[in-house]
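# Observations on chain architecture
Okay, here's what each chain looks like letter by letter:
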Amino acid sequence: CWATRCGNGQWPRQDMSWGPGGSFASSSLTRPRRYPGVCVPVRGATRYGWTSAGLRAEVDSSVPTVVGLVAVIFVLRWAVMTFVITPAGRRLLPAADARQREKTLARFESAGWEALWYTCSCTYGLHVYQQEDWSCWPTTNFWAGWPLQSFEPRFRFYYLVGLAFYTQALLSLLLLDKPRSDFWEYVVHHLVTIFLISVSFYTRIHRCARTFTHAAT
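Residues numbered from 1 in each chain as written. Predicted model: local features only at pLDDT ≥ 70, side-chain atom pairs only at ≥ 80, totals over all residues. Heavy atoms only, no water.

A few words now on the pattern of salt bridges. If you walk through the whole model with that rule in mind, you get 3 salt bridges. Between Asp177 and Arg77 there is a salt bridge, with its nearest N and O atoms 3.2 Å apart. Residue Asp177 is located in the loop between helix H4 (153–175) and helix H5 (183–203), and its partner Arg77 is located in helix H2 (residues 52–92); the two are separated by 100 residues in the primary sequence. Residue class for Asp177 comes out partly exposed when judged on its relative accessible area of 30%. In this structure, the salt-bridge partner of Arg90 is Glu102, at a minimum N-O distance of 3.6 Å. Here Glu102 lies in helix H3 (residues 98–131) and Arg90 lies in helix H2, a separation of 12 residues in the sequence. (Salt bridge = Lys/Arg side-chain N within 4 Å of Asp/Glu carboxyl O. Helix = DSSP H or I, 4+ residues; strand = E, 2+ residues; numbered from the N terminus. Buried < 20%, exposed > 50% of the residue type's maximum accessible area, 1.4 Å probe, protein only.)

So, in structure tokens, the structure goes:
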């Protein structure tokens, strides 16, 4: 597999160490455009290379991070709702009958939390993008060197935060939130988003996938 990807049937250089499951450790690998027959380490570090065992090991190592982030987002959501959004809604929403007021307040809480989260997420995403050594224009950069593209720690963390957010949103929708008229639409949306983020993480099409989900957000 590696001999094919490195070109000319050559094995990688001897100074590249092997990691768990027969994958390369230490850093990602890529093929520069001008030297397609040479594999070199690049800045940015994913611990495992492009082998099935290596990818499974990386996914396994990411699960505790996602679980921890889900817990953190649950606590953050509760705090923001309790101390910021709900008091603001009770103060700003016009008086009405109790039933309608509570319904409107629930919508205000949901919209307020999502607006605050997406604003912070997009801001952090732009910061992460500015630290990358590639540009989304021309769009061929999405695929340059795939699947041996670098996966910077900041970019990887941003990816896992997105996965954790939609996982938390799905769990909240199923277990905690009040019933809503578009319940099933939200369930399908969250499931599809979790699937797309997970698959793109595993198959290493993170540049294209995260750029478009960031733009959609």
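Before going further, it helps to spend a moment on the packing of H4 against H5. Pairs of packed helices are described in terms of their axes, by the angle between the two and the distance that separates them. Where H4 meets H5, the closest approach of the two axes is 10 Å, and the angle between their N-to-C directions is 155°. Here H4 lies roughly antiparallel to H5, going by the angle between them. In terms of crossing hand, the pair formed by H4 and H5 is left-handed. The residues of H5 that touch H4, namely those facing Arg156, Tyr159, Leu160, Gly162, Leu163, Tyr166, Thr167, Ala169, Leu170, Leu173 and Leu174, are Phe183, Tyr186, Val187, His189, His190, Leu191, Thr193, Ile194, Ile197, Ser198, Ser200 and Phe201. Its residues assigned to classes, the contact of H4 with H5 shows 15 nonpolar, 7 polar and 1 charged. (Axes fitted to C-alpha atoms, helices over the stretch in contact; angles between N-to-C directions. Parallel < 35°, antiparallel > 145°, perpendicular 65-115°, else oblique. Left-handed = near helix turned anticlockwise from the far one by under 90°. Contact = heavy atoms within 4.5 Å. Nonpolar A, V, L, I, M, F, W, Y, C, P; charged D, E, K, R; others polar.)

A few words now on the layout of surface pockets. Approximately 600 Å³ is the volume attributed to the largest pocket. Lining of the largest pocket is provided by 20 residues; of these, Ala106, Arg107, Glu109, Ser110 and Lys178 occupy positions nearest its centre. For the lining of the largest pocket, the elements supplying multiple residues, two or more each, are H2 and H3. Counted by class, the lining of the largest pocket contains 6 nonpolar, 4 polar and 10 charged residues. (1 Å grid on protein atoms, 1.4 Å probe; cavity = no way out; pocket = protein on both sides within 12 Å on 5 of 7 lines; lining within 4 Å. Points joined across faces, edges and corners; volume = space filled by probe spheres on them.)

With that settled, consider the nonpolar core. Counting 30 residues, the largest nonpolar core has Trp113, Phe155 and Tyr159 as the members making the most contacts within it. Breaking this core down by element, the ones donating at least two residues are H2, H3, H4, H5 and helix H6 (206–216). Sort the elements by how many residues they give to this core and H4 lands first, with 11 residues. Beyond its immediate stretch of four places on either side in the chain, Trp113 contacts Ile73, Leu76, Arg77, Val80, Met81, Ile85 and Phe165. (Core = buried A, V, L, I, M, F, W, Y, C linked by side-chain atoms within 4.5 Å.)

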